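Coordinate inspection notes
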Amino acid sequence: MIRATADGVDAGAQDYKSGERNDVVGAVTVSDVQDMARPKMELKWKTVAKDAWPALVEEWPCFRVEEQSDGSKRLTVDPDKVPVELARLVERSVEREDLANSVVGGREAGGA
């Protein structure tokens, strides 16, 4: 999600008046997480949505759980609240060096 959010900077719809593009924020659903875990693990819905996500939100407040109109849930990230240490952790895990500068601190501030 952090990587998708960083890659989504200026990737959204364009405002015709200002010419600026919206950012695309990364999100995952419970089924996305279950699919990522397969075939090594078979995660139950409760394990993801009721156990893991609340713990993640508590530790990293930049994440939030959203309930969709159909009752499904998804985990999203607020790019303005991603701490530098989390962005750096993600950079190391996906072997990239540009994510923190794209997400943390905003483009105007020059990133992290």
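Residues numbered from 1 in each chain as written. Predicted model: local features only at pLDDT ≥ 70, side-chain atom pairs only at ≥ 80, totals over all residues. Heavy atoms only, no water.

Things to note about the sheet that holds strand β1 (residues 27-29)
Taken in spatial order, the 3 strands of this open sheet run β1-β3-β2, and their pairing is antiparallel. For this open sheet the edge positions go to β1 and β2 (63-67), each flanked by a neighbour on one side alone. Looking at each pair of strands side by side, their axes are set apart by 25° on average, direction ignored. Packing of helix α2 (residues 30-37) onto the sheet brings it into contact with β1 and β3 (73-77), and relative to β1 it is tilted by some 80°. Against the sheet, helix α3 (residues 45-59) engages β1, β2 and β3, with an angle of about 25° to β3. (Pairing = 2+ DSSP bridges. Helix = DSSP H or I, 4+ residues; strand = E, 2+ residues; numbered from the N terminus. Axes fitted to C-alpha atoms, helices over the stretch in contact; angles between N-to-C directions. Contact = heavy atoms within 4.5 Å.)

With respect to the pairing of β3
Where burial is concerned, most of β3 is hidden: 4 out of the 5 residues are buried. With 3 bridges joining them, β1 and β3 adopt antiparallel strand pairing. Looking across to β3, one finds that Val28 is bridged to Leu75. What sits between the antiparallel neighbours β2 and β3 is a turn of 5 residues, in which Gly71 has the positive phi angle 95°. (Buried < 20%, exposed > 50% of the residue type's maximum accessible area, 1.4 Å probe, protein only.)

Some thoughts on the pattern of salt bridges
Pairs can form between side chains of opposite charge once their charged atoms are near each other. Scanning all chains against the criterion turns up 6 salt bridges. Among the salt bridges present, the one from Glu66 reaches Arg64, with a minimum N-O distance of 3.1 Å. Here Glu91 ties to Arg88 by a salt bridge, and the two come within 3.1 Å at their closest N and O atoms. Of this pair, Glu91 and Arg88 are both found in helix α4 (residues 84-94), 3 residues apart, which corresponds to roughly one turn of the helix. Residue classification places Arg88 among the partly exposed residues on the basis of a relative accessible area of 29%. Here the salt bridges share partners, and the residues they tie into one network are Asp35, Arg38 and Glu42. (Salt bridge = Lys/Arg side-chain N within 4 Å of Asp/Glu carboxyl O.)

Here's the deal with the confidence of the model for the chain
On average, the chain scores 80 in pLDDT, and the residues at 70 or more come to 80%. Of all secondary-structure elements in the chain, the lowest mean pLDDT belongs to helix α1 (residues 2-7), at 65, while α3 reaches the highest, 93. Note that pLDDT drops below 50 for residues 107-112; the model gives that stretch 12 contacts with residues more than four away or on any other chain. (pLDDT = per-residue confidence, 0-100.)

Side note on the pairing of β2
One ladder, built from 5 bridges, connects β2 with β3; its direction is antiparallel. Within β3, the residue paired with Glu67 across the bridge is Lys73.

Regarding the packing of α2 against α3
Any two packed helices are characterised by the angle at which their axes cross and by the distance between the axes. The geometry of α2 relative to α3 is characterised by a closest axis approach of 9 Å and an angle of 110° between their N-to-C directions. If you check the angle between α2 and α3, you find them roughly perpendicular. For the pair α2 and α3, contact is made by Val30, Val33 and Gln34 and by Trp45, Val48, Ala49 and Trp53, respectively. Residue composition of the contact of α2 with α3, by class: 6 nonpolar, 1 polar and no charged. (Parallel < 35°, antiparallel > 145°, perpendicular 65-115°, else oblique. Nonpolar A, V, L, I, M, F, W, Y, C, P; charged D, E, K, R; others polar.)

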